[in-house]
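# Structural description and commentary
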Amino acid sequence: MTDLDTTLNRLLGPGRPEVSCEQCFDELDRYVEAELAGADPRAVVPGLDAHLEGCPACAEDHASLRALVGSER
């Protein structure tokens, strides 16, 4: 994905359902657990992947939580 694509996605949205930042915060632990368990996190928390693509703050939280939980395993 180019910088232009990333910018356009942030401005226009993902074109599919996505959760809010509040919903992301509430569901992020389930999403990360599904990822690390090898399950499809998009099926566990629909719309969260779309939100992470367009929200740098939540994407940073996701990366941090995934690193923390992954290091504990």
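Residues numbered from 1 in each chain as written. Predicted model: local features only at pLDDT ≥ 70, side-chain atom pairs only at ≥ 80, totals over all residues. Heavy atoms only, no water.

## Some details on the overall build of the chain
- When helices and strands are tallied, the chain shows 5 helices and 0 strands.
- Taking all 73 residues of the chain together, the buried fraction comes to 26%.
- In the chain, 67% of the contacts between residues at least 6 apart in sequence involve partners at least 24 apart.
- If you sum the accessible surface of the chain, you get close to 4,900 Å²; carbon and sulfur atoms cover 55% of it. (Helix = DSSP H or I, 4+ residues; strand = E, 2+ residues; numbered from the N terminus. Buried < 20%, exposed > 50% of the residue type's maximum accessible area, 1.4 Å probe, protein only. Contact = heavy atoms within 4.5 Å. Areas by Shrake-Rupley, 256 points an atom, 1.4 Å probe, with all protein chains shown as cover.)

## Here's the deal with the state of the cysteines
- Under the definition given, this model contains 0 disulfides.
- Of all cysteine sulfurs, the one in Cys-58 lies closest to Cys-55, which takes part in no disulfide; the gap is 3.6 Å.
- Classification of Cys-58 as buried rests on a relative accessible area of 7%. (Disulfide = S-S within 2.5 Å.)

## Here's the deal with the pattern of salt bridges
- Under the defined criterion, the tally for this structure stands at 3 salt bridges.
- For the salt bridge of Glu-35 with Arg-66, the shortest nitrogen-to-oxygen distance reads 3.2 Å. Residue Glu-35 is located in helix α2 (residues 21–37), and its partner Arg-66 is located in helix α5 (residues 56–72); the two are separated by 31 residues in the primary sequence.
- Between Asp-40 and Arg-42 there is a salt bridge, with the nearest N and O atoms lying 3.2 Å from each other. (Salt bridge = Lys/Arg side-chain N within 4 Å of Asp/Glu carboxyl O.)

## A word on the side chain of His-62
- With respect to the helices and strands, the residue His-62 is situated in helix α5.
- Using a relative accessible area of 14% as the deciding quantity, one classes His-62 as buried.
- Among the polar contacts made by the side chain of His-62, one reaches the side chain of Glu-35 at a distance of 2.8 Å.
- Setting aside residues up to four positions removed in sequence, His-62 forms contacts with Leu-28, Tyr-31, Val-32, Glu-35 and Leu-52. (Polar contact = N/O pair within 3.5 Å; in protein donor to acceptor, adjacent residues only side chain to side chain.)

## Thoughts on α5
- Relative to the 24 Å expected for 17 residues at 1.5 Å per residue, α5 spans 24 Å between its end C-alpha atoms, a close match to the ideal helical length.
- Within the sequence span of α5, burial applies to Cys-58, His-62 and Val-69. Seen end-on, α5 carries its buried residues on one side only, within an arc spanning 50 degrees. Exposed and oriented more than 90 degrees from the buried face of α5 are Glu-60 and Ser-71.
- In the core, the buried residues of α5 are packed alongside α2 and α4 (48–54). (Expected span 1.5 Å × (residues − 1). Arc of directions from axis to C-beta.)

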